[in-house]
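# Report on the structure
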Number of protein chains: 2
Amino acid sequence: MAETAREIADELRERIRSGDLGPGARLPGEPTLVKGYGVAKETARRALTLLVTEGLAVRRSGSGTYVREFQPIRRVANLRLSEERWGGGRSVWSADVGQRPMSVTELRVYEASAPEDVAQILELEDGAAVIIRDRLFAVEGEPVQAAVSYLPADLVRGSAIAQEDTGPGGTYARLAELGAKPVRFVEELRARMPSQEESERLHLAEATPVVEIYRTALTEDGKPVEVNRMLLDAGAYVMEYRITG
Amino acid sequence: MAETAREIADELRERIRSGDLGPGARLPGEPTLVKGYGVAKETARRALTLLVTEGLAVRRSGSGTYVREFQPIRRVANLRLSEERWGGGRSVWSADVGQRPMSVTELRVYEASAPEDVAQILELEDGAAVIIRDRLFAVEGEPVQAAVSYLPADLVRGSAIAQEDTGPGGTYARLAELGAKPVRFVEELRARMPSQEESERLHLAEATPVVEIYRTALTEDGKPVEVNRMLLDAGAYVMEYRITG
């Protein structure tokens, strides 16, 4: 009857996958596992640790181990970026299907020299000025995404893009008014573990990666007019892309 | 002069980001950090551990800590899925820009009952038969992606899709011949930590997430004809999507 930590973890994982232990449910504690499986306390603890390491469960100190609540925000890039969406005064964010209301909890707008990689993507000279919009987005008070947009200062200085409130339709509607309407977008994604600073800013749970997205917005002529570097709590998001063959 | 582990990690991270310590470079060892910063051995070790935890560095036992080599495979979904690409007898994989040659190191093709989630996506009845193509892909001998395709058995049974070698143009060219040409694709992505089993199958380094992608292929009529569940070594891939606004 005595099993290994891995075998116990396999059984608990199967109960999570099948829904028998739903999101937020408390997993059996160490004493329960010790009795139920006839194993040492150390083995029981290792079984639970395996699930935490996989990101399936979360430990709450002094309380126990719980099934992680994964109620993802569905980020549908194609809906978000279609002109229909942002042309009519709606927020890009409202296109996230099935999400709870998202709010901006931090916002800094300022002018500075472009970082080297951004200058390169925006085809600007070294040290050229950009308007930077640095935002933190939260759902139900919890941060889920940090986003930093860079736009050529020579293009957007003096427009609402350089203000905190960009007005109806946001940055892309203003760019259109400036004769630099974005019509094509490239998103590059990678996933990795966060730095400690990133982990703290996004209040990430243990064993939670981040998804880093660079989005470049291009005009009809192929001129890059914005670079947006986003950092997403991977535990909060499902990303969806629709592609025509 | 004595600094905290975090401050030392900050300085090393900056040297990695700036390229002063390039991919594969050996980081200063504990004795060097102890001398250089005037800190305890334990502090030096914690500084290095922080970088390993962030996925920036990799420990090799008995040898030291090294800057992770990130030479990503660029996975451009839109190129990969365009008809031009797979219509002419080329592999979907050859569209990955700048990648080293990718090979299939494991391949199992068999018929079985569809898992519940797959049956739902493919709009099949519970327990309906599917042809399953289970593959492991490697670059330079190292596994980088596991992919399991599911196709309705009633549609593809008897075609080359049910064989190990699907022939020129692969699965999608065969589907076209069967009158079920895929023209639209939906990819859903999430990033998470791997299970131990996944970690072993993909030979993942410590602190490396996986990217899980479900791709559904649809015909002109919107009929789903394939579900492909891919599991990518996040340390090996950059994903790119091109979107028209």
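Residues numbered from 1 in each chain as written. Chains lettered and ligands numbered in written order. Predicted model: local features only at pLDDT ≥ 70, side-chain atom pairs only at ≥ 80, totals over all residues. Heavy atoms only, no water.

In the nomenclature of an unreviewed UniProt entry, chain A corresponds to GntR family transcriptional regulator from the organism Streptomyces alanosinicus.

### Comments concerning empty space enclosed by the protein
Counted according to the given criterion, the structure contains 1 cavity of 30 Å³ or more. Taken as a whole, the largest cavity encloses approximately 40 Å³ of empty space. Together, Leu-189, Ala-191, Val-211 and Met-239 of chain A together with Leu-189, Arg-190, Ala-191, Val-211 and Met-239 of chain B line the largest cavity. Counting residues per element, the ones that place at least two in the lining of the largest cavity are β7 (182–192) of chain A together with β7 (182–192) of chain B. Broken down by element, the lining of the largest cavity gets its largest block of residues, 3 residues, from β7 of chain B. Along the lines of polarity and charge, the residues of the lining of the largest cavity split into 8 nonpolar, no polar and 1 charged. (1 Å grid on protein atoms, 1.4 Å probe; cavity = no way out; pocket = protein on both sides within 12 Å on 5 of 7 lines; lining within 4 Å. Points joined across faces, edges and corners; volume = space filled by probe spheres on them. Helix = DSSP H or I, 4+ residues; strand = E, 2+ residues; numbered from the N terminus. Nonpolar A, V, L, I, M, F, W, Y, C, P; charged D, E, K, R; others polar.)

### Notes on the sheet that holds β7 of chain B
Read across the sheet, 8 strands follow the order β3(A)-β10(A)-β7(B)-β8(B)-β9(B)-β6(B)-β5(B)-β4(B) without closing on themselves; strand pairing throughout is mixed. At either end of the open sheet lies a strand with only one pairing partner, and these are β3 (73–76) of chain A together with β4 (102–113) of chain B. Here the strands of the sheet are splayed against their neighbours by 15° on average, with no regard to which way each runs. With 11 bridges joining them, β4 of chain B and strand β5 (residues 129–139) of chain B adopt antiparallel strand pairing. By the bridge assignment for β5 of chain B, Arg-108 of chain B is matched with Asp-134 of chain B. The strands that helix α8 (residues 170–177) of chain B touches are β5, β6 (142–152), β7, β8 (210–219) and β9 (224–233) of chain B; relative to β7 of chain B, the one it contacts most, it runs at about 145°. (Pairing = 2+ DSSP bridges. Axes fitted to C-alpha atoms, helices over the stretch in contact; angles between N-to-C directions. Contact = heavy atoms within 4.5 Å.)

### Digging into the relation of the copies chain A and chain B
Think of it as a corkscrew move, a rotation about one axis and a shift along it, taking one chain copy to the other. For these two chains of identical sequence, chain A goes onto chain B by a turn of 180° and a shift of 0.0 Å along the axis, with RMSD 0.0 Å. Such a combination of turn and shift is consistent with a two-fold rotation axis. Interface overlap between copies is the fraction of interface residues in one copy that are interface residues in the other; for chain A against chain B it reaches 100%, indicating a shared surface. (Least-squares fit on C-alpha atoms with pLDDT ≥ 70 in both.)

### A short note on a negative patch on the surface
Residues and elements named next belong to chain A. A contiguous patch of negative charge on the surface is contributed by Glu-116, Asp-117, Glu-125 and Asp-126. By secondary structure assignment, the location of Asp-117 is in helix α6 (residues 116–121). When its relative accessible area of 37% is taken as the criterion, Asp-117 is described as partly exposed. (Patch = residues over 30% accessible without salt bridge, like charges linked within 9 Å, V, L, I, M, F, W, Y side chains within 5 Å. Areas by Shrake-Rupley, 256 points an atom, 1.4 Å probe, with all protein chains shown as cover. Salt bridge = Lys/Arg side-chain N within 4 Å of Asp/Glu carboxyl O. Lys, Arg positive; Asp, Glu negative; His and termini not counted. Charge placed at Lys NZ, Arg CZ, Asp CG, Glu CD. Buried < 20%, exposed > 50% of the residue type's maximum accessible area, 1.4 Å probe, protein only.)

### A word on the pairing of strand β1 (residues 57–60) of chain B
All names here are of chain B. Sheet analysis places β1 next to strand β2 (residues 64–67), joined by 4 bridges and oriented antiparallel. Counterpart to Arg-60 in the pairing with β2 is Gly-64. Hairpin remark: β1 followed by β2, antiparallel, with 3 residues in the connecting loop; positive phi at Gly-62, about 75°.

### Things to note about helix α3 (residues 41–53) of chain A
In an α-helix, one full turn covers 3.6 residues, which means residues spaced three or four apart are oriented alike. In a regular helix each residue adds 1.5 Å, so 13 residues correspond to 18 Å; α3 of chain A covers 18 Å between its end C-alpha atoms and thus fits that length. Regarding α3 of chain A, the residues found buried are Thr-43, Ala-44, Ala-47, Leu-48, Leu-50, Leu-51 and Val-52 of chain A. The secondary structure elements touched by the buried residues of α3 of chain A are α1 (5–18), α2 (30–37), β1 (57–60) and β2 (64–67) of chain A together with α9 (196–201) of chain B. Of the residues one or two after α3 of chain A, Gly-55 of chain A is the one with positive phi, at around 80°. (Expected span 1.5 Å × (residues − 1).)

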